[in-house]
Amino acid sequence: MNVNRSGAITDVAGIEVGHTTDRTHGSGCTVVLCGDGAVGGVDVRGSAPGTRETDLLRPTNHVSEVHAVVLSGGSAFGLDSASGVVRYLAERDIGYRAGAVTVPIVPAAILFDIGIAKHGVHPQADDGYAACLNASDGVIEEGSVGAGTGATVAKTQGLDRAIKGGIGTASVDLGNGITVGAIMAVNAVGGVYDPDTGDLVAGPRDDHDAMDDPMEVLLSGNDAATPPPFGSNTTIGVVATNATLTKEEANKLASIAHDGLALAVRPAHTMRDGDTMFAVATGTEPGKADMLRLGAAVVVCVARAIVRGIRCATGLEGIPSIRELASTA
């Protein structure tokens, strides 16, 4: 397994990614375009999710293909950005064929970034459309852009001690033409750890801007553990491969992707998060997929994409990034 530390989900044939970013209002959206369609799956583990078209991706339901996936800020308001992606695809006659009608299938998930900057403006349909126009299969901007614009992490002691979150990506070359990639928008209650080293990457700040271990804070029973309200967080993402998968296998990869999330985000899948993972398989490489190796690659990609999202972030509205904290240490 060749892990490309500077790789991206766009290393997967057939995948393009685009962002729209509004730093003034502290939000944005990210679209993952899947060419003429990819087999899709989903797994929702958080207890406060905001999603669209996830029921369609269940293995027992009819439609197998998706044409894009949207990750957005703005809480429930941000789901509207998927409508712009539908419009973009429909104009290009990309979608599910239902007789004479073409219906783009665009699942979406949102994170809660409201109140980080100015209130009242959230990603809308035009933002989703613009993200499609910005999409490419090349280098992806990471950090505080797109769905990661207003993201924050390490909120076990409240937002005023948080670290800036963001969006990150990673890829793995499995050889024999098979590639796996992930893109993650990280807005968790929990802190972020680097599974490769075991190091704490982002934890709640103390009075001297040093970082505490979020798990120790929670387990101590200390009154300082005052996380933000229910539903105001969430880590969301997409894993992709060019392997040929069934709908059941795509759903299994989405499930396995949460292992990578839990390795990097601690605690994960809390009552205050809506953690959601999508999986898409473009199928440009035929033949039976090795699900054991694909699953291992997905775990690595998700964890490393999360860490990259935090390391590439920039501060916003007084919430510092780890790069800024390091520069003042």
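Everything numeric here is computed off the predicted structure, so don't read it as measured data.

Rules used in this analysis
- Residues numbered from 1 in each chain as written.
- Predicted model: local features only at pLDDT ≥ 70, side-chain atom pairs only at ≥ 80, totals over all residues.
- Heavy atoms only, no water.
- Helix = DSSP H or I, 4+ residues; strand = E, 2+ residues; numbered from the N terminus.
- Buried < 20%, exposed > 50% of the residue type's maximum accessible area, 1.4 Å probe, protein only.
- Areas by Shrake-Rupley, 256 points an atom, 1.4 Å probe, with all protein chains shown as cover.
- Lys, Arg positive; Asp, Glu negative; His and termini not counted.
- Charge placed at Lys NZ, Arg CZ, Asp CG, Glu CD.
- pLDDT = per-residue confidence, 0-100.
- Contact = heavy atoms within 4.5 Å.
- Expected span 1.5 Å × (residues − 1).
- Core = buried A, V, L, I, M, F, W, Y, C linked by side-chain atoms within 4.5 Å.
- Patch = residues over 30% accessible without salt bridge, like charges linked within 9 Å, V, L, I, M, F, W, Y side chains within 5 Å.
- Salt bridge = Lys/Arg side-chain N within 4 Å of Asp/Glu carboxyl O.

Draft legend 1. Inspection of the overall build of the chain at higher detail. When helices and strands are counted, the chain shows 6 helices and 17 strands. Counting only C-alpha atoms and orienting by the principal axes, one finds that the chain spans roughly 60 × 45 × 35 Å. Scored against the burial criterion, the 329 residues of the chain give a buried share of 57%. Carbon and sulfur atoms provide 51% of the accessible area of the chain, an area that totals close to 12,400 Å². Side chains of the chain give 23 positive and 38 negative charges; the mean places of these two sets differ by 1 Å.

Draft legend 2. The arrangement of the confidence of the model for the chain in detail. This prediction gives the chain a mean pLDDT of 92; 94% of its residues lie at or above 70. Below pLDDT 50 for its whole length, residues 1–5 participates in 17 contacts with residues either more than four positions away or in separate chains.

Draft legend 3. Representation of unusual backbone geometry in the model. Arg266 connects to Pro267 through a cis peptide bond whose omega is -5°. By the secondary structure assignment, Pro267 is in the loop between strand 16 (265–266) and strand 17 (276–285). Look at His269: it is not a glycine, yet its phi comes out positive at around 60°. The topology assignment puts His269 in the loop between strand 16 and strand 17. Classification of His269 as partly exposed rests on a relative accessible area of 23%. Backbone geometry at Glu317 places phi at a positive 50°, although glycine is not the residue there. Following the sequence through the fold, Glu317 ends up in the loop between helix 5 (291–311) and helix 6 (322–328). Look at Glu317 and you get exposed, because its relative accessible area is 54%.

Draft legend 4. Molecular detail of helix 4 (residues 247–264). Over its 18 residues, helix 4 extends 27 Å from the first C-alpha to the last, a length consistent with the 26 Å expected when each residue adds 1.5 Å. Where burial is concerned, most of helix 4 is hidden: 13 out of the 18 residues are buried.

Draft legend 5. A look at the nonpolar core. If you look at the biggest cluster of nonpolar residues, it comprises 44 residues, and the most contacted ones within it are Val192, Leu294, Val302 and Ile306. Among the secondary structure elements, those contributing two or more residues to this core are strand 11 (166–175), strand 12 (178–186), strand 14 (200–202), strand 15 (235–243), helix 4, strand 17, helix 5 and helix 6. Ignoring sequence-local partners within four residues, the contact set of Ile306 consists of Met184, Val186, Val192, Gly260, Leu261, Ala264 and Val265. One finds Ile9, Val32, Ile167 and Phe278 within the second-largest nonpolar core, a separate group that totals 28 residues.

Draft legend 6. Structural detail: a nonpolar patch on the surface. A cluster of nonpolar side chains, Met215, Leu218 and Leu219, forms an exposed patch at the surface whose accessible area comes to about 290 Å². Secondary-structure assignment places Leu219 in helix 3 (residues 214–220). By relative accessible area, which is 73% here, Leu219 ends up exposed.

Draft legend 7. Just the environment of Leu316, in detail. Mapped onto the elements, Leu316 comes out in the loop between helix 5 and helix 6. Residue classification places Leu316 among the buried positions, given a relative accessible area of 6%. Taking the C-alpha atoms as reference points, Leu316 and Ala268, 48 residues apart in sequence, are found 24 Å from one another.

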